[in-house]
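Coordinates in review
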Amino acid sequence: MSSEYFIAAGASKYVPVQFPPEKSSFAEPVRVFEELPEATIVSVSRPDASDFSPLQLSYTIELQYKQFKWRLVKKASQVIYLHFALKKRAIIEEFHEKQEQVKEWLHNIGIGDQTAVMHDHDEPDDGAVPINHENSAKNRYVPSRAAFPIIRPALGPQQTISGNAKLAMQGYLNHFLGDMNIVNSREVCKFLEASKLSFLAEYGPKLKEGYVMVKHLAKIPQDNECHVCRCFDCFNKSWQKVWAVLKPGFLALLDDPLVMNLLDVIIFDVLPVSNKEGKDPVRLAEEMKERNPLCYSLKVSCGNRSIKLRTSSNAKAKEWVSSINDAALKPPEGWCRPHRFNSFAPPRGLLEDGSEAQWFVDGRAAFEAIASTIETAKSEIYITGWWLCPELYLRRPFHSHSSSRLDALLETKARQGVQIYILLYKEVSLALKINSLYSKRRLLNIHENVKVLRYPDRFPTGIYLWSHHEKLVIVDYRICFIGGLDLCFGRYDTTDHKVDDYPPSLWPGKDYYNPRESEPNSWEDTLKDELDRRKFPRMPWHDVHCALWGPACRDIARHFVQRWNHAKRNKAPNEQTIPLLMPHHHMVLPHYMGRSREINIESNEEARQDISRQDSFSSGSPLIDIPLLLPPEADKLDTCNVNTNLDDLDKHQYQQNLHSLSRIGQNLRVPTQKSKVEPSTPDRQMKGFIDDVDLINFQSEMNMNELAHSEMQNLDDWWESQERIYHDVSTDQPAQVGPCTPCQCQVVRSVSQWSAGTHQSEYSIHSAYCSLIEKAEHFIYIENQFFISGLLGDEIIQNRVLEALYKRILRAHKEEKCFRVIIVLPLMPGFQGGLDDGGAATVRAIMHWQYRTICRGKNSILHNLLALLGPKANDYISFYGLRTYGTLSDGGQAVTSQVYVHSKLMIIDDRTTLLGSSNINDRSLLGSRDSEIGLVIEDKEFIESSMNGNPWMAGNFASSLRLSLWSEHLGLRAGEINQIRDPIADSTYKDLWLDTAKGTEDRWCCGIDIIFLYTEKNFSQKV
C-alpha cells in the first residue's frame, strides 16, 4: 500500500492517506518537460478536397523544446480526443481531491481510520501530491470553449479554411502548452510523442516515438502481482503495449513513457549490402503482411536479432518503417552504413570535436593513469579483458599502495554509487589457467554495484577455440584506455625491464610471472610466490597502451555495450540484477561550424548524474527493480588530460601530476600551438559526419560558473607546465608517457555473430592494416606478439598483411625509393617449455608458422624477396627481438631473459599509428574468430623532422611514440635521440638497428639474416 500526504485548507500538518495498490491515473512521475515547449502550426491539409469534415483536417505542427525540434502531423479528431481526455482527467482528479478532503474531515472529527500524523517540518514521501489551491484540478484542464473554433474552419473558401484552421489550432495549443501541469500530463506527452528519454541530449536528437505492441518480451510485471505469478508469466509471452523511442543509434522499448524503465533495446549495426539471394538491399525495418487484415505489423532486424511490432493502423506502420530506416541509413554516419575500412565507426576528429590521444609505453605508466582515472569516476566504469586479476596493484611499490589494488579501487567507487560493468572472457579451463571463474566470484563479492558477465558458454554456442581478446577500460564515457595491456599479473613493467625482485617490492606473489617456466596452479593465495625468486627470473613485459578522449571513446563504449547486451541475452536473459545497457549518440557541437576553435564549454555532468541516479543508478532499490541502464555521456567537449611526464622524472612528481589529473577531472585545455599541415594521403580527406546543427542551442551551453572558470585556469596552468616539461626533456631522453595530442582517429574491430551478435563478420582491423601498408610512403614499424600471415595464393593462412608488405617493398624497389620495414617480435612464444620438450607442442606450432611467414619455404616473404632482389632485400625489411640481463639478488648469479613483446602496434611515416589488442594472425584478423578492437590514429599536429635527409613534417603522436620505443630498444642515452629522428636514413637503419643487432651475434635461424636486438641498459652496473 502506497502512502501520499495531503494538506487541507488551513491545516498545519500532513496526513497520510492510504490508496489502493493499483496504479493511479493521476499520480505523475518526474516531469518530462522542465520548461514550456513552443509549438507552431506549419501547414493545414485535408486528405480529400471533397471532404468538408473539419475533423479530417491534418495539421503539421513544429515543436521546439530547448535544443530539440520535431514535427508532428495530427488530425483535428486527435486534438478533440486529447481535449476530452484532459477533461476526463481533470474531473477524476477533482473528484479524488474532494474525496480525500472528506476523508480528512471525517478523520479530524474522529470518525475516520486512525492514522499517523506528520509534522509540516518533515519531508513527504517521494511522489507526494500536496493539495493546495494553486494546483487544484480546476486549473489543470483546458476550457471547452478553446476547442470549439477547431470545428469551424470548414465553412468558407479553401484559403479561408486553411487560415482559420491554423489560427484556431494555434490558439488551442497555446492553451495547454502554457501550463506546466497540463504539458506534463500523460495525455499531452502521448500527443506530443514525448517521453523521459526524449530530451536527454547524450542520446541524440528527438525522433519518432509512440505506443506499439510487442510479443517477444515476457509479461511486464505489475506492482500488485505475487512473485509466483511473475515467475509463470516469464514463460507466457503475449502481445503487450510498450512505448517505443527511436534514436539515431538504437530503438528502445519503455514500459512507460514517463518513467525510465527500459524493457529492451536494439542497437543499430552495419547491415549487409544485399540479402541472401544477392538481389534486394537489406533494410533495418520492413512491413509485414498479417493474416488478419486488421493487424498492421513491421519487423525490425539487426544483427542476430529480429523483433515484431504492431501498430493501430497501416499508416502508422509505414511511418515507423520509414523513420527507422531513415535514422539508421540516411545520415552520413548512420550506424547501419559501413565506413572507411568497412568499420562500424566513422572517422572522428576530422573537425574540432575534442578527439585526443595519449600513448603509454610499458605497464607502469599505463596502470598509474588507469588508477588515477578510475579514482575520478562519477557514474560508470566499463572493463573488459582476456584476463583480469582483482588483486592486481596498479601502483608500485605495492607495500605503500594498498589502496591501488584493483579490487580496492573498484570497491571504493562502487560504494560511492558508481556502476561497474566487467565483461570477462570465459576460457576453456583445460587449455588456459587464467581462472575467470575465480575472478568473477571475487569481483561479485566487492559490492552489488559491480556487475560481471563471463562469455561465451562453450556448449550452447559451439565456440571452443576462439576468445574475447580486447583490453578496455572506459570511465564515464569520458576517457578510454585501449591497447595490449590486460589488468592482470605479469603486465606491470618499466622501461628498465628488470628480471629480478628479491626481496619483493614491485611484483608480489604470483605477479612475479614467467610463463616460460611455470603457470600458476592455484589462485587461492595470490600473494604466495609461484616461482622461487632466487632461482628463476621473471619474464619482462613490453607493451603499448593508449588513452583516448572524444567521440571515438564513445564509439568504443558503444562496442562494449553491444558486446555486453549480447552476452546478457545469451547468459542471463531473465536475470534482473544484470541490466541491459544503452549506448549514447554523439551530438554535434558548434565547433563543427567553425564558430570557435577554442571554447570552454561547461559540463553538466553533475546534473546528468543526478538524473541518472534517480532513474537508474539507485543502489538502494530492490534487485527486482533494477532497470535497463542508460549510461550518460559527456555531451560537451570532454577533453580530459593525463600527465605527460617522462620515465626519468622523479616518481613523486609523476604521482603529483596524476593527482592533479584526478583533482581537475574532465576539463578542457587550450591546445599548444604547433605546425599544422594536411595529411598527404588523398583518401584521408573525408567529409565530416555531422548531425543537424539546428539541434544545438549554442547560447544555452556557454554559461560557466566561477568554479568552472577557476578549474579551467588551474588546468591551463597545469597543462602548460607539463608541455614545457615534455618538450624540454623529450629532446634528450625517452618518454614513458606521451603528449596529449589532438588527432583524427577511427575505431576498428574484429567481431562476428558469436562474439558481438552482429549480422556479419567485421574485419576492419585487417582492412586497416592492408590499406595503411599499401599507402605508406617511407617506412613501416611494427611491434606484435605474433607474425603469422600469408601471401596471395596461400590456402592455409588467410590474412594478407604479409602480401601488403611484400607488394609495397616491390613497388619501392621498382621506383628506386628508400623504404624500410622494421618488425619487432618476441624471441619465443610465451608458453611453457623449450622447443624440444615433449609438452611444448604449442611453442613448436607457433614457431613453425612464424618461420613459414618470415623465412622458410615458398610462402615466406624473405624467400620471395631474396629470389627477386638478392641481398638488397635486407635494405628493405628486418626482424628483431628483445633481451635483457640482470641478477636475481644483490651479488647473485647473472641471468638473461627475453623481453616479451606483447604490443600490437604499427607506425606509418611518423604520421599514422594503428594500435589495439589485435595480433597479426588469422585468429585476430579474420573477424569470425577472436574478438579484437583497435584504433587508427592520424596526427593533426606536426613537428619539423626529416625523412632520408629531406625535410618532413612528422606527426606529434606517431613520431614521439616511435622515438620513445626506439630509444628504449636501442639503449640510447640522454642526448642521443637525435640519432634516430630520421627513421630511414642509413645512419639509423644500418648503423644503429642492423649493427647493434649483429653485435649480439644471434640469429633467428641458421643461415637467415634475421637478427635479434638485445637491449641492455647499464649492464655494467647490474652485473
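Predicted model, so just to flag it, every value in this text is computed and none were measured.

What follows deals with the overall build of the protein. When you go through the protein residue by residue, the secondary structure sums to 23 helices and 34 strands. Taking all 1023 residues of the protein together, the buried fraction comes to 59%. Residue pairs in contact within the protein that sit at least 24 positions apart in sequence constitute 73% of those at least 6 positions apart. When the accessible surface of the protein is split by element, carbon and sulfur atoms take 51% of a total near 42,000 Å².

Time to look at helix H8 (residues 406-415). Spacing of three or four residues puts side chains on the same side of an α-helix, whose turn is 3.6 residues. The complete set of buried residues in H8 reads Leu406, Asp407, Leu409, Leu410, Lys413 and Ala414. Down the axis of H8, the buried side of the element spans an arc of 160°, and every buried residue falls inside it.

What follows deals with the sheet that holds strand S4 (residues 58-65). Taken in spatial order, the 3 strands line up as S3-S4-S5 in an open sheet, and their pairing is antiparallel. Of all strands in the sheet, those with a lone pairing partner are strand S3 (38-45) and strand S5 (68-75), marking the two edges. Strand after strand, the sheet turns through a mean of 20° between neighbouring axes, direction not considered. Where S4 meets S5, 8 bridges bridge the pair, whose relative direction is antiparallel. Within the sheet, the bridge partner assigned to tyrosine 65 lies in S5 and is phenylalanine 68.

With that out of the way, let us pick up the environment of valine 748. Here valine 748 lies in strand S22 (residues 741-751). Among the residues examined, valine 748 registers a relative accessible area of 0% and is labelled buried. Counting along the chain gives 408 residues from valine 748 to arginine 340, while the straight-line C-alpha distance between them is 9.3 Å. Leaving out residues up to four positions away in the same chain, valine 748 has contacts with Phe341, Ser343, Ser764, Ile765, Ala768, Leu914, Ile933, Gly934, Leu935 and Val936.

Here the second largest pocket is characterised by a volume of approximately 1,400 Å³. The wall of the second largest pocket is formed by 49 residues, among which Phe786, Phe831, Thr842, Ile846 and Arg923 lie closest to the centre. Mapped by element, the contributors of at least two residues to the lining of the second largest pocket are helix H18 (841-854) and helix H20 (922-925). Per element, the largest residue contribution to the lining of the second largest pocket is 6 residues, and it comes from H18.

For the protein, the average pLDDT comes to 77, and 70% of its residues sit at 70 or higher. In this model, residues 231-235 is a region of pLDDT below 50 whose contacts with residues beyond four sequence positions or in other chains number 4 contacts. For the stretch residues 1001-1023, pLDDT sits under 50, and the model shows 68 contacts to residues farther than four places along the chain or on other chains.

The relative placement of two packed helices is expressed as an angle between their axes plus a distance between the axes. The geometry of helix H16 (residues 764-775) relative to helix H17 (residues 801-814) is characterised by a closest axis approach of 9 Å and an angle of 5° between their N-to-C directions. When the axes of H16 and H17 are compared, the pair comes out roughly parallel. Together, His766, Tyr769, Cys770, Ile773 and Glu774 of H16 and Val801, Ala804, Leu805, Arg808 and Arg811 of H17 make up the contact between the two elements. Taken together, the residues of the contact of H16 with H17 break down into 6 nonpolar, 1 polar and 3 charged.

Moving on to the packing of aromatic side chains. Enumeration over the complete set of coordinates arrives at 25 aromatic pairs. Taken together, a centroid distance of 4.6 Å and an interplanar angle of 10° make the contact between tyrosine 382 and phenylalanine 560 stacked. Of this pair, tyrosine 382 sits in strand S15 (residues 380-385) while phenylalanine 560 sits in helix H11 (residues 551-571), placing them 178 residues apart in sequence. No difference in accessibility class separates tyrosine 382 from phenylalanine 560, as the two residues are buried. Through a chain of ring-to-ring contacts, the aromatic side chains of Phe33, Tyr65, Phe68, Trp70 and Phe199 assemble into a single cluster. Lying across the ring of tryptophan 320, lysine 208 places its NZ or CZ 5.1 Å from the centre. Over the ring of tryptophan 335 we find arginine 558; its NZ or CZ atom is 4.0 Å from the centre of that ring.

For the rest of this paragraph, the subject is the pairing of strand S7 (residues 209-214). Here S7 runs beside strand S8 (residues 240-247); their pairing, made up of 6 bridges, is antiparallel. Paired with tyrosine 211 across the bridge in S8 is tryptophan 243. In this sheet, strand S13 (residues 305-311) lies alongside S7 in antiparallel orientation, the contact comprising 2 bridges. By the bridge assignment for S13, valine 214 is matched with leucine 309.

This part takes up the sheet that holds S13. Pairing is antiparallel in the open sheet, where 7 strands are placed in the order S10-S9-S8-S7-S13-S12-S11. Each of the sheet's edge strands pairs with one partner strand only, and the pair in question is strand S10 (259-267) and strand S11 (285-288). Adjacent strand axes in the sheet meet at a mean angle of 40°, parallel and antiparallel pairs treated alike. Pairing of S8 with strand S9 (residues 250-256) involves 5 bridges; the strand directions are antiparallel. If you follow lysine 247 over to S9, its bridge partner there is phenylalanine 250. Each of S7, S8, S9, S11, strand S12 (296-302) and S13 touches helix H6 (residues 314-329); the most contacted strand, S12, lies at about 15° to it. Contacting S10 and S13, H11 crosses the sheet at an angle of about 95° to S10.

Turning our eyes to something else, we now look at the pattern of salt bridges. Inspection of every chain in the model, using the stated rule, returns 40 salt bridges. Across the pair lysine 299 and glutamate 286 runs a salt bridge whose closest N-O atoms are separated by 3.6 Å. Taken together, the residues lysine 299 in strand S12 and glutamate 286 in strand S11 connect sequence positions 13 residues apart. A relative accessible area of 26% means that lysine 299 is categorised as partly exposed. Assessed through its relative accessible area of 38%, glutamate 286 is described here as partly exposed. Linking glutamate 803 and lysine 807 is a salt bridge whose minimum nitrogen-to-oxygen distance equals 3.7 Å. Highlighted residues: glutamate 803 and lysine 807, both in helix H17, separated by 4 residues, approximately one helical turn.

Residues Ile861, Leu862, Asn864, Leu865 and Leu869 constitute the buried set of helix H19 (residues 861-869). One side of H19 holds all its buried residues, which, seen down the axis, span an arc of 165°. Looking at the buried positions of H19, the neighbouring elements they touch are H17, H18 and strand S26 (877-880). Sitting at the head of H19, serine 860 places a side-chain oxygen 3.4 Å from the backbone nitrogen of histidine 863. The first or second residue beyond H19 is glycine 870, which carries a positive phi of 70°.

Within the largest apolar cluster, 109 residues are counted, with the highest numbers of intra-cluster contacts made by Leu197, Phe268, Val300, Ile324 and Tyr781. By residue number, the principal contributor to this core is H11, which donates 8 residues. Val418, Tyr438, Val499 and Val895 belong to the second largest nonpolar core, which has 57 residues in total.

Structurally, glycine 490 can be placed in the loop between strand S19 (479-483) and strand S20 (541-542). Counting along the chain gives 24 residues from glycine 490 to asparagine 514, while the straight-line C-alpha distance between them is 7.5 Å. Filtering out sequence-adjacent residues up to four positions away, glycine 490 remains in contact with Asp511, Tyr513, Arg538 and Trp541.

Cut-offs and rules
Residues numbered from 1 in each chain as written. Predicted model: local features only at pLDDT ≥ 70, side-chain atom pairs only at ≥ 80, totals over all residues. Heavy atoms only, no water. Helix = DSSP H or I, 4+ residues; strand = E, 2+ residues; numbered from the N terminus. Buried < 20%, exposed > 50% of the residue type's maximum accessible area, 1.4 Å probe, protein only. Contact = heavy atoms within 4.5 Å. Areas by Shrake-Rupley, 256 points an atom, 1.4 Å probe, with all protein chains shown as cover. Arc of directions from axis to C-beta. Pairing = 2+ DSSP bridges. Axes fitted to C-alpha atoms, helices over the stretch in contact; angles between N-to-C directions. 1 Å grid on protein atoms, 1.4 Å probe; cavity = no way out; pocket = protein on both sides within 12 Å on 5 of 7 lines; lining within 4 Å. Points joined across faces, edges and corners; volume = space filled by probe spheres on them. pLDDT = per-residue confidence, 0-100. Parallel < 35°, antiparallel > 145°, perpendicular 65-115°, else oblique. Nonpolar A, V, L, I, M, F, W, Y, C, P; charged D, E, K, R; others polar. Phe/Tyr/Trp six-rings, centres within 6.5 Å; stacked < 30°, edge-to-face > 60°. Lys NZ or Arg CZ within 6 Å of the ring centre and 35° of its normal. Salt bridge = Lys/Arg side-chain N within 4 Å of Asp/Glu carboxyl O. Polar contact = N/O pair within 3.5 Å; in protein donor to acceptor, adjacent residues only side chain to side chain. Core = buried A, V, L, I, M, F, W, Y, C linked by side-chain atoms within 4.5 Å.

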